[in-house]
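Spelled out from the first residue to the last, the chains are:
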Amino acid sequence: MRSLLFLSHRIPYPPDKGDKIRSFHILQNLSEKFDIHLGCFYDDQNDSRHISRLRELCSSVYCLPLGQIKKIRGCLSALTTGKSLSEGCYRDPRMRRWVNETLCRYDIKDAFVFCSSMAPYLFKHRRRLRIILDLVDVDSEKWRAYAQSAGWPLNKIYCMEQRRLFDLERRAARHCDRVLFVSRAEANVFERLAPECSDHVECLINGVDLRRFDPAQEWNNPFSAESIPIVFTGAMGYKPNADAVVWFAREVFPAVRVAHPKAEFWIVGSNPAPRVGRLARTPGIKVVGKVADVRPYLSNASCIVAPLQIARGVQNKVLEAMAMAKAIVLTPQALEGLHATPGEELLVAANASEFVDHVCAVISCAHGEMLQRGRKRVELDHDWSVNLSLLDGLFANESPLEGGMPHTRRGSPVRNGTSL
């Protein structure tokens, strides 16, 4: 088989959070067609035990620890050199040496890069490689949103990061043959901001593991018999998730609790920020932390919520809830990138009052017909095996340096060999 260099800013296993879900499924798909040489970082010591699993998929694996001290040093270096904080975090001479030595040792003509912060490792190798860059979303726009809601001096730091990160995203896109986004909405944002890159933008829509998240499976109930559980899942050290649950706990849950005294708000996800942990002092709010499997919580929930105020791309937590045939109430921001129909396949709430109404209606079983419609929507739009077929076209011709990249219809998912 041909060899491929795969670079990722975070170890693509286990697939238990947003970016790792996407990177793992892409890696698994490409491993069926290529001898993969994987370079990545891990920032959770527990993840180091999964390196052996990646060696089953890859010909070689180079995985470096990314501790807090290394992150801080990288950020300080970035501040003084004009680079983005993200690039500073993942700038490492050991990784650069490994990339250079791997490209010298093996006959590699193809590279897949996950996240803009890993792209600089290949800038000097541009002429010898076909490079597919997965930006997933326009991450710099998240920092713009942070700046708009933050006070001084954080708003200044966030504005600086937005500018520097977008400069990196733009440069990275110019150095690659194709740049991928998770949705047409994200692709449109990038094409508007970097029109010179629009001719090689593609959409690789996120999938969900339909067999793993199967509503027909039965799970032990983690809730008490009398509980009416309202569930949020997600990495709780991530600012948008923390903001979301704090807002819901303060602005929505009290009114729901008045209407349904046995309602409980369960926050399920790793590394709860201190302000999230403090919510557990409120009657009816449970902060669970990391769990081995979110499916028992999803399967037995009365309602799933995704009250995100800042969201980019496609929310895996929403796809997983829909795949489990659960009613979900979400903000317009969390809906972006999905083709689901509000009111038929999920419920959208633009403010706290609408959230209260929708959650109470779900608890009262007013939307039972919605459950299977949501499942059918993810079966139609978010089947990994179908959506990843885009990669077959991108890596179709064996000699990327002769004749250039094959052209595909930009932003068009492919289903059963036919553009939709």
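Residues numbered from 1 in each chain as written. Predicted model: local features only at pLDDT ≥ 70, side-chain atom pairs only at ≥ 80, totals over all residues. Heavy atoms only, no water.

Brief notes about the environment of L54
Here's step 1: Tracing the backbone through its elements, the reader meets L54 in helix α2 (residues 51-55).
Here's step 2: For L54, a relative accessible area of 0% translates into the label buried.
Here's step 3: Placed 97 residues apart in sequence, L54 and G151 show a C-alpha to C-alpha distance of 42 Å.
Here's step 4: Not counting residues up to four positions away in its chain, the partners in contact with L54 are I11, P12, Y13, L27, L38 and V61. (Helix = DSSP H or I, 4+ residues; strand = E, 2+ residues; numbered from the N terminus. Buried < 20%, exposed > 50% of the residue type's maximum accessible area, 1.4 Å probe, protein only. Contact = heavy atoms within 4.5 Å.)

A few points about the pattern of salt bridges
Opposite charge on two side chains allows them to pair when their charged atoms are near.
Here's step 1: Evaluated as defined, the whole model comprises 30 salt bridges.
Here's step 2: Its salt-bridge partner being D92, residue R94 comes within 2.8 Å of it at the nearest N-O pair.
Here's step 3: Residues R171 and D167 are paired through a salt bridge, measuring 3.1 Å at the closest nitrogen-oxygen approach. Of this pair, R171 and D167 both sit in helix α7 (residues 154-174), separated by 4 residues, roughly a single helical turn.
Here's step 4: Judged by its relative accessible area of 26%, R171 falls in the partly exposed class. (Salt bridge = Lys/Arg side-chain N within 4 Å of Asp/Glu carboxyl O.)

Observations regarding the sheet that holds strand β13 (residues 347-348)
Here's step 1: Reading across the sheet, the 6 strands line up as β10-β9-β8-β11-β12-β13 and stay open at both edges, with parallel pairing between neighbours. Unpaired on one side and paired on the other, β10 (285-289) and β13 mark the two borders of the sheet.
Here's step 2: Of the pairings in the sheet, the one linking strand β8 (residues 228-233) to strand β9 (residues 263-268) comprises 6 bridges and is parallel in character. When the sheet's bridge partners are listed, F232 is paired in β9 with I267. (Pairing = 2+ DSSP bridges.)

Digging into the nonpolar core
Here's step 1: Membership of the largest hydrophobic core comes to 98 residues, with the highest contact counts inside it found for L30, F112, I230, F265, V305, L346 and V359.
Here's step 2: The element that contributes the greatest number of residues to this core is helix α15 (residues 352-363), accounting for 7 residues.
Here's step 3: Residues within four places of V359 in sequence aside, it is in contact with I230, F248, V256, C303, V305 and V329.
Here's step 4: If you look at the next biggest cluster of nonpolar residues, it comprises 37 residues, including L7, L64, L122 and L133. (Core = buried A, V, L, I, M, F, W, Y, C linked by side-chain atoms within 4.5 Å.)

Overview of a nonpolar patch on the surface
Here's step 1: Taken together, the side chains of I72, L76 and L79 make up a nonpolar region of the molecular surface, amounting to roughly 270 Å² of accessible area.
Here's step 2: Structurally, the position occupied by L76 is in helix α3 (residues 68-81). (Patch = residues over 30% accessible without salt bridge, like charges linked within 9 Å, V, L, I, M, F, W, Y side chains within 5 Å. Areas by Shrake-Rupley, 256 points an atom, 1.4 Å probe, with all protein chains shown as cover.)

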